[in-house]
Amino acid sequence: MSSLNAFNDILQRDEPLAPYTWLRLGGPAQYLLTPRSVEELTRLVAVCHDEQIPIHILGGGSNILVKDEGVSGAVIRLTDPVFSHVQITGNLVRAGAGALLSHVISETVRAGLAGFENLAGIPGTIGGALCGNSGGRLGEVSQLVTSVTGLTTLGEQVVRGNDELSFDYRQSNLGDLLIIEAEFKLRPDNPDAIAQMLKQNWIAKKSVQPLSSQSAGCVFKNPRGQRAGQLIEQAGLKGTRVGGAEISERHANFIVTHPGAKSSDVVRLIDLIRSKIAEQFGVHLEPEIKLW
Ligand SMILES: Cc1cc2nc3c(=O)[nH]c(=O)nc-3n(C[C@H](O)[C@H](O)[C@H](O)COP(=O)(O)OP(=O)(O)OC[C@H]3O[C@@H](n4cnc5c(N)ncnc54)[C@H](O)[C@@H]3O)c2cc1C
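Residues numbered from 1 in each chain as written. Predicted model: local features only at pLDDT ≥ 70, side-chain atom pairs only at ≥ 80, totals over all residues. Heavy atoms only, no water.

**A closer look at the overall build of the protein**
Step number 1: From N to C terminus, the protein includes six helices and 20 strands.
Step number 2: Radius of gyration (C-alpha) of the protein: 19 Å, near the 19 Å computed for a compact globule of 292 residues.
Step number 3: For the C-alpha atoms alone, the extent of the protein along its principal axes is close to 55 × 50 × 30 Å.
Step number 4: Counting the 292 residues in the protein, one finds 48% classified as buried.
Step number 5: For the protein, restricting intrachain contacts to residue pairs at least 6 apart in sequence, the fraction spanning at least 24 positions comes to 63%.
Step number 6: Computing the positive centroid from 27 side-chain charges and the negative centroid from 30, the protein places the two 7 Å apart. (Helix = DSSP H or I, 4+ residues; strand = E, 2+ residues; numbered from the N terminus. Rg over C-alpha atoms; globule rule 2.2 N^0.38 Å. Buried < 20%, exposed > 50% of the residue type's maximum accessible area, 1.4 Å probe, protein only. Contact = heavy atoms within 4.5 Å. Lys, Arg positive; Asp, Glu negative; His and termini not counted. Charge placed at Lys NZ, Arg CZ, Asp CG, Glu CD.)

See the structure below:
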């Protein structure tokens, strides 16, 4: 594709995506690009728009399952340091979309700002967390964010303030934006107390989730008033295996993988779970992980 030749310095063709995802599965990206500035990213998005090249934004790859055949179009990673800054001014935090959530958590806890410790143990980046309104029992990222800066598909920079942001359980209205950075408003508190909370939250998360295995976190969203993991467990599906993919014995809403697993094994296991749960409980489980 000649139009992307201008980006040869930051372009890899047919680059396997598995190493960039937590499940370590799936085929290559037709084009994998790692822009070095907002200006370069903006040009890239504009060229992709003009050439009708689909764009996929890869964060930490902790909520994505890449198909075995790979992804056509441009996969963009915001791993350059220019996209992973964390600036703290008073109780306001500006963080680049490529900043690791874990880094933002530790920086804010160190600064004596409370809020992010509730997201302890969630892998991935700020961009990924905002896109899917990541969180859990203790809170969601939507409770902390005050504005989001991003690019439209045309490559225009926009800032969405609080009144234009809308979040729900594991979803946001940011799906049309390439998120570049965001601002968060936190609550000043005693650094030792926040650090203690962070430790407790981390231990609690570690005790229920198979964090040492390869997974992409919860596979399904919880249906209203129910827990997907509980339904899967009640259906007696824990430990069910398709090829190299297995429903975790530790947490039934996690699929873990074994050596030799294929992306298609995970897809088949997801389909099997959905049909069994629909059959037994009349509940239609909606995947939380994104299939690329
Ligand atoms: C062990 C484990 C535990 C987990 N626990 C939790 C949990 O407790 N709660 C929870 O909510 N999630 C959990 N997850 C899921 C996952 O970590 C979160 O969804 C995370 O926020 C995804 O971030 P990421 O950077 O890895 O995004 P990716 O997986 O790379 O991408 C996810 C989506 O976000 C989009 N995206 C990423 N960056 C941008 C950007 N800059 N602009 C626009 N779109 C973007 C992608 O295109 C994709 O659609 C867990 C996952 C694992 C593996």
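**Re the sheet that holds strand β19 (residues 255-257)**
Step number 1: Taking strand neighbours across the sheet as the criterion, the three strands line up as β17-β18-β19 in an open arrangement whose pairing is antiparallel. Each end of this open sheet is capped by a strand with a single partner; those strands are β17 (241-242) and β19.
Step number 2: Against the sheet, helix α6 (residues 263-281) makes contact with β17, β18 (245-247) and β19, and its axis sits at roughly 30 degrees relative to β18, the strand it touches most. (Pairing = 2+ DSSP bridges. Axes fitted to C-alpha atoms, helices over the stretch in contact; angles between N-to-C directions.)

**What about α6?**
Step number 1: Relative to the 27 Å expected for 19 residues at 1.5 Å per residue, α6 spans 27 Å between its end C-alpha atoms, a close match to the ideal helical length.
Step number 2: If you check which residues of α6 are buried, you get S263, D265, V266, L269, I270, I273 and I277. The buried residues of α6 occupy an angular sector of 155 degrees when projected down its axis, which confines them to one face.
Step number 3: Those residues of α6 that are buried lie in contact with β4 (64-65), α5 (228-234), β17, β18 and β19.
Step number 4: Positive backbone phi, at 65 degrees, marks G282, one or two positions downstream of α6. (Expected span 1.5 Å × (residues − 1). Arc of directions from axis to C-beta.)

**Here we look at the site of the ligand**
Step number 1: In the neighbourhood of the ligand, 34 residues make up the surrounding shell, with I57, S62, T125, G135 and K205 lying closest.
Step number 2: Starting from 980 Å² of accessible surface for the ligand in isolation, the protein chains cover 94%.
Step number 3: Those elements that place two or more of their residues in the shell around the ligand are β3 (55-58), α3 (126-131) and β15 (178-185).
Step number 4: Ranked by residue count, the leading element in the shell around the ligand is α3, at four residues.
Step number 5: Grouping the constituent residues of the shell around the ligand by class yields 16 nonpolar, 14 polar and four charged. (Near = heavy atom within 4 Å. Areas by Shrake-Rupley, 256 points an atom, 1.4 Å probe, with all protein chains shown as cover. Nonpolar A, V, L, I, M, F, W, Y, C, P; charged D, E, K, R; others polar.)

**Section: the sheet that holds strand β11 (residues 145-151)**
Step number 1: An order of β6-β7-β15-β11-β12 is seen for the five strands of this open sheet, with the pairing classed as antiparallel. What marks the edges here is a single partner per strand, and that holds for β6 (86-89) and β12 (157-161). The sheet shows a mean angle of 15 degrees between the axes of neighbouring strands, direction not considered.
Step number 2: As paired elements, β11 and β15 share six bridges and run antiparallel to each other.

**Describing the pattern of salt bridges**
Step number 1: Tallied over the entire structure, the rule returns 13 salt bridges.
Step number 2: We note a salt bridge from R43 to E39, for which the minimum N-O separation is 2.9 Å. Residue R43 and its partner E39 are both found in helix α1 (residues 38-50); the two are separated by four residues, about one turn of the helix.
Step number 3: According to the relative accessible area criterion, R43 is partly exposed, its value standing at 37%.
Step number 4: Each of D9, R36 and E40 takes part in a single network of salt bridges with overlapping partners. (Salt bridge = Lys/Arg side-chain N within 4 Å of Asp/Glu carboxyl O.)

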